[in-house]
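If you want the building blocks of each chain, they are given just below.
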Amino acid sequence: MDGSTTIAISLMVSLIGCFVGLAGWLSGREKKISGDAEWRGEINAKLDIITGVKTDVSELQDEVNDLGKKVVIIEQSTKSAHHRLDEHLQQK
């Protein structure tokens, strides 16, 4: 083999190596991007669940507050009824 053939073969091997390296880099990059997208999807789903739970808790707190107000009204009504019964029993 003469010098120009050796140079041509080494240049071809170098170019093939560059293409193989580039293909490997692109493949790894695509895998990383898809892995990142999957991770972000999981995080977003968890955040949606947490946000939903916070909303549910807020709604439950509102319901408990409403029930507390109703209990106060019922207690006042019961107290008033009890007072009227006492008055009625004392008149007899």
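Structural data are supplied above this passage.
Residues numbered from 1 in each chain as written. Predicted model: local features only at pLDDT ≥ 70, side-chain atom pairs only at ≥ 80, totals over all residues. Heavy atoms only, no water.

1. A closer look at the overall build of the protein
Turning to step 1, where the next piece is worked out: A count of helices and strands for the protein gives one helix and zero strands.
Turning to step 2, where the next piece is worked out: Seen along its three principal axes, the alpha-carbon backbone of the protein occupies a region of about 135 × 10 × 5 Å.
Turning to step 3, where the next piece is worked out: Of note, the protein has its 11 positive side-chain charges centred 4 Å away from the centre of its 14 negative side-chain charges. (Helix = DSSP H or I, 4+ residues; strand = E, 2+ residues; numbered from the N terminus. Lys, Arg positive; Asp, Glu negative; His and termini not counted. Charge placed at Lys NZ, Arg CZ, Asp CG, Glu CD.)

2. Quick notes on the environment of glycine 41
Turning to step 1, where the next piece is worked out: Of note, glycine 41 is situated in helix α1 (residues 3-91).
Turning to step 2, where the next piece is worked out: Separated by 37 residues in sequence, glycine 41 and serine 4 place their C-alpha atoms 55 Å apart.

3. Some remarks on a negative patch on the surface
Turning to step 1, where the next piece is worked out: Side chains of Asp56, Glu59, Asp62, Glu63 and Asp66 sit close together on the surface and give a patch of like negative charge.
Turning to step 2, where the next piece is worked out: Considering the arrangement of structural elements, one finds glutamate 63 in helix α1. (Patch = residues over 30% accessible without salt bridge, like charges linked within 9 Å, V, L, I, M, F, W, Y side chains within 5 Å. Areas by Shrake-Rupley, 256 points an atom, 1.4 Å probe, with all protein chains shown as cover. Salt bridge = Lys/Arg side-chain N within 4 Å of Asp/Glu carboxyl O.)

4. Re a nonpolar patch on the surface
Turning to step 1, where the next piece is worked out: On the surface, Leu11, Leu15, Phe19, Leu22, Trp25 and Leu26 cluster together into a nonpolar patch covering about 630 Å² of accessible area.
Turning to step 2, where the next piece is worked out: Note on placement: leucine 26 falls in helix α1.

5. Some remarks on the environment of serine 77
Turning to step 1, where the next piece is worked out: Summarising the element assignment, serine 77 is placed in helix α1.
Turning to step 2, where the next piece is worked out: The sequence separation of serine 77 and threonine 6 amounts to 71 residues, and the corresponding C-alpha distance is 106 Å.

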